[in-house]
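Observations on chain architecture
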Amino acid sequence: MRFGKNMMAVEFQDDIVLIDGGLMFPEDEMLGIDLVIPDVTYLLDKAHKIRGWLITHGHEDHVGGLPYLLPQLDFPPLYGTRLTQGLIQVKLDEHHLLADAQLNVIQAGDSLNLGCFQAEFFRVCHSIPDSVGIALHTPVGTIVHTGDFKLDHTPVDGKPTDYAKLAQLSAQGVLALFSDSTRVEAPGYTPSEKTISDTFDTVFNNTEGRLIVATFASLISRVQQVVDTAMKYQRKVGVVGRSMLNNVHMARELGYLKVPEGVILPIEEILALRPEQIAIVTTGAQGEPGSALSRMANGDHRFVSIVPGDTVVLSSSPIPGNEEAVARNIGNLYRQGAKVLYHRLLPVHVSGHASQEELKFMINLVKPKYFVPIHGEFQHLVLHARLAESLGWPAEDVIVAEDGDVLEFTQTSARKNGKVQAGYVFVDGLGVGDIGTVVLRDRRHLAQDGILVAVVTVDRQTGRAAGLPDIISRGFVYQRDNEELIEEARQVALESLNHQKDHTADYGYAKNKMRDALSAFLYERTKRRPMILSVVVEV
Ligand SMILES: [Zn+2]
Ligand SMILES: [Zn+2]
């Protein structure tokens with residue numbers, strides 16, 4: 001049994017079953033890297049043994065690695081519920097991989113034979129509908145993998161975690177339980193998703209202007225809550241942001257999002273309504289640069305300009321690492337005249353993960369011989385292990401494993417047995433693993449297409465460019481023979497900044513915009529991609 005970034009392989013002789021294939025967003029020091037995915041080196045020469053790839057739910061940290069991992073492992077058959085497969089389908093389509101993938105839809109309650117294994121899926125509650133946990137019956141015993149879960153008695157889709165199934169598995173005997181550790185630090189119980197509906201109700205009831213709700217594109221149940229509340233208060237709903245539009249479309253088609261005709265309208269029609277009739281759902285609650293909400297906050301969105309009287313609800317709490325970007329967005333939204341409601345002011349988000357009492361309940365219900373905490377930082381795994389020990393599990397039956405650890409089980413024993421390679425694989429654009437380090441990549445860029453530096457001087461008072469940006473290039477084009485191109489590039493750089501409202505002083509955002517605009521322009525004109533540095537000087 002092996003771990004990666006929310007990926008696990010269960011192996012017995014000639015059969016392997018994989019569970020989830022996640023992705024992690026890069027940390028700051030991994031400059032210029034788009035994504036980080038699990039390292040599957042160990043599996044490369046064993047791809048023919050993979051009987052199936054079981055997916056617990058459609059969140060990025062469980063499916064985001066698939067477009068990069070599937071081709072490396074010869075496209076083993078995927079098994080997931082309808083909504084999960086729908087989300088995977090959208091993703092694979094974006095990567096032009098749909099034709100090669102084998103997508104199999106399963107439902108909670110189904111059971112599958114995969115080589116010597118038998119997999120059973122059971123319903124769990126999480127912040128995305130159609131999540132399942134997995135019971136894998138192996139020749140040495142049954143292992144139960146919870147996936148991400150909470151024990152919500154009033155979930156948005158009305159389908160709580162399947163306690164009966166868990167009790168039944170428990171009665172038959174469970175060798176090992178692998179359980180979600182994400183929220184082990186929180187005492188008590190995680191509040192129900194229902195508390196959000198109550199908050200939305202209060203907010204909608206007390207707001208006269210337009211309402212803009214930002215959340216994760218994959219939080220289909222949150223979108224449902226917005227739609228339900230909007231209908232109650234006679235508002236129409238517009239959807240903004242490409243990934244949100246794709247997911248909403250897919251979820252409606254599959255029946256996971258229930259919206260009567262005429263409630264969701266094209267954004268152009270929405271914007272023509274009176275403010276008190278408008279609700280907009282969008283992406284960007286995490287302050288992601290380039291997301292719809294960041295564009296709105298910077299006065300730079302194609303359709304939606306924030307106006308005084310607007311209320312923006314950030315329906316998610318910042319993931320560690322995103323706090324600064326979220327705070328900057330909130331500040332910018334205020335500058336545009338909006339009122340912003342976020343997690344520190346109102347319960348606008350609840351976690352999708354179980355707190356301590358729920359985690360204890362899970363362990364006591366399943367009564368495994370061995371307990372293995374999964375999902376979370378190392379400290380979360382250790383805390384979860386202590387929790388199991390506090391319930392009476394002997395320390396030697398509780399195993400804290402890190403990425404790459406191999407766990408070996410027999411009917412009567414469990415131990416760590418060595419490690420396999422399971423480090424980071426950096427993904428840049430669409431290629432996989434072709435970059436060892438950031439430095440190498442930058443060097444290659446430089447060697448092939450040279451470098452271009454754009455310097456813009458900005459007036460501190462107005463936030464506006466004080467003139468045409470300066471452009472200096474080396475190794476890209478011979479500047480003297482390409483004066484025209486460089487002049488045009490200066491114009492492009494200036495224009496990219498002028499769409500911003502003048503009172504936003506978000507230079508990080510401005511630099512990104514200038515760089516992206518220049519990159520697109522230069523590629524179109526020269527088919528080359530020089531390394532571009534953008535510099536903002538404040539006077
Ligand atoms: Zn999740
Ligand atoms: Zn997760």
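Structure: above.
Residues numbered from 1 in each chain as written. Chains lettered and ligands numbered in written order. Predicted model: local features only at pLDDT ≥ 70, side-chain atom pairs only at ≥ 80, totals over all residues. Heavy atoms only, no water.

This paragraph deals with the overall build of the protein. Along the protein, the regular secondary structure elements total 15 helices and 25 strands. Relative to a compact globule of 539 residues, whose C-alpha radius of gyration would be 24 Å, the protein shows 25 Å and is just as compact. Dimensions of the protein along its principal axes, counting C-alpha atoms only, are 75 × 60 × 40 Å. Across the protein, contacts joining residues at least 24 apart in sequence account for 72% of those joining residues at least 6 apart. Within the structure as shown, the protein displays about 23,500 Å² of accessible surface, and the carbon and sulfur contribution to it stands at 50%. (Helix = DSSP H or I, 4+ residues; strand = E, 2+ residues; numbered from the N terminus. Rg over C-alpha atoms; globule rule 2.2 N^0.38 Å. Contact = heavy atoms within 4.5 Å. Areas by Shrake-Rupley, 256 points an atom, 1.4 Å probe, with all protein chains shown as cover.)

The sheet built from three strands is open, its strands ordered E24-E23-E25 with mixed pairing. Strand pairing shows two members of the sheet lacking a second neighbour, strand E24 (470-474) and strand E25 (531-538), which therefore form its edges. Each strand axis lies, on average, 15° off the axis of its neighbour in the sheet, ignoring direction. Pairing geometry for strand E23 (residues 451-458) and E25, over eight bridges, is parallel. Paired with threonine 457 across the bridge in E25 is valine 537. Strands in contact with helix H15 (residues 507-526) are E23, E24 and E25; relative to E25, the strand with the most contacts, it is inclined by about 140°. (Pairing = 2+ DSSP bridges. Axes fitted to C-alpha atoms, helices over the stretch in contact; angles between N-to-C directions.)

Turning next to the coordination of the zinc ion (ligand 2). Coordination of the zinc ion (ligand 2) by the protein is provided by Asp61 (OD), His62 (NE2), Asp148 (OD) and His375 (NE2), with metal-donor distances spanning 2.1 to 2.2 Å. Around the zinc ion (ligand 2) sit four donor atoms, and with donor-metal-donor angles ranging over 88 to 159° the site reads as irregular. A separation of 3.4 Å is found between the zinc ion (ligand 2) and the zinc ion (ligand 1), which are bridged by aspartate 148. Here the residue histidine 62 occupies a position in helix H1 (residues 60-63), and histidine 375 occupies one in the loop between strand E18 (370-374) and helix H12 (378-390), the gap between them amounting to 313 residues. For the pair histidine 62 and histidine 375, one class covers both residues: buried. (Donors = N, O, S within 2.8 Å, 3.2 Å for Na, K, Ca; no water. Tetrahedral: all angles 85-135°; square planar, octahedral: opposite > 155°, others 65-115°. Buried < 20%, exposed > 50% of the residue type's maximum accessible area, 1.4 Å probe, protein only.)

Applying the stated criterion across every chain yields a total of 26 salt bridges. For glutamate 11, the salt bridge goes to lysine 49, with nearest N and O atoms at 3.8 Å. Here lysine 49 lies in the loop between strand E4 (35-38) and strand E5 (50-54) and glutamate 11 lies in strand E2 (residues 8-12), a separation of 38 residues in the sequence. Owing to a relative accessible area of 24%, glutamate 11 belongs among the partly exposed residues under this scheme. A salt bridge links aspartate 405 to lysine 419, with the shortest nitrogen-to-oxygen separation between them at 3.2 Å. With aspartate 405 in strand E19 (residues 405-409) and lysine 419 in strand E20 (residues 414-419), the pair connects residues that are 14 residues apart, well separated along the chain. (Salt bridge = Lys/Arg side-chain N within 4 Å of Asp/Glu carboxyl O.)

With that settled, consider helix H7 (residues 242-253). Compared with an ideal rise of 1.5 Å per residue, which puts twelve residues at 16 Å, H7 spans 17 Å between its outermost C-alpha atoms and is within 8% of the ideal. Three or more residues of H7 are buried, namely Met244, Asn247, Val248, Met250 and Ala251. Considered in projection along H7, the buried side chains sweep an arc of 165° and stay on one side of the axis. Across H7 from its buried face, at more than 90 degrees, point the exposed residues Arg242, His249 and Glu253. (Expected span 1.5 Å × (residues − 1). Arc of directions from axis to C-beta.)

Moving on to unusual backbone geometry. Positive phi outside glycine occurs at aspartate 20, with the angle close to 60°. Within the secondary structure layout, aspartate 20 lies in the loop between strand E3 (15-19) and E4. With a phi close to 55°, glutamine 234 is a non-glycine residue in the positive phi region. The class of glutamine 234 is exposed, set by a relative accessible area of 62%.

What follows is about the packing of aromatic side chains. A full pass over the atoms with the stated rule returns four aromatic pairs. Pairing tyrosine 163 with phenylalanine 361 gives two aromatic rings, centres 5.9 Å apart and planes at 85°, and the pair type is edge-to-face. Of this pair, tyrosine 163 sits in helix H4 (residues 163-172) while phenylalanine 361 sits in helix H11 (residues 356-366); the two residues are 198 residues apart in sequence, bridging distant segments of the chain. Given the relative accessible area of 22%, tyrosine 163 is considered partly exposed. With relative accessibility at 42%, the residue phenylalanine 361 sits in the partly exposed group. Pairing phenylalanine 178 with phenylalanine 409 gives two aromatic rings, centres 6.4 Å apart and planes at 65°, and the pair type is edge-to-face. Separated by 231 residues along the polypeptide, phenylalanine 178 in strand E12 (residues 176-180) and phenylalanine 409 in strand E19 bring together distant segments of the chain. The burial state of phenylalanine 178 is the same as that of phenylalanine 409; both residues are buried. Through a chain of ring-to-ring contacts, three or more aromatic side chains come together here, namely Phe178, Tyr370 and Phe409. A cation over an aromatic ring shows up here: lysine 46 above the ring of tyrosine 42, its NZ or CZ 3.9 Å from the ring centre. (Phe/Tyr/Trp six-rings, centres within 6.5 Å; stacked < 30°, edge-to-face > 60°. Lys NZ or Arg CZ within 6 Å of the ring centre and 35° of its normal.)

Any functional reading would require information beyond the geometric quantities listed.
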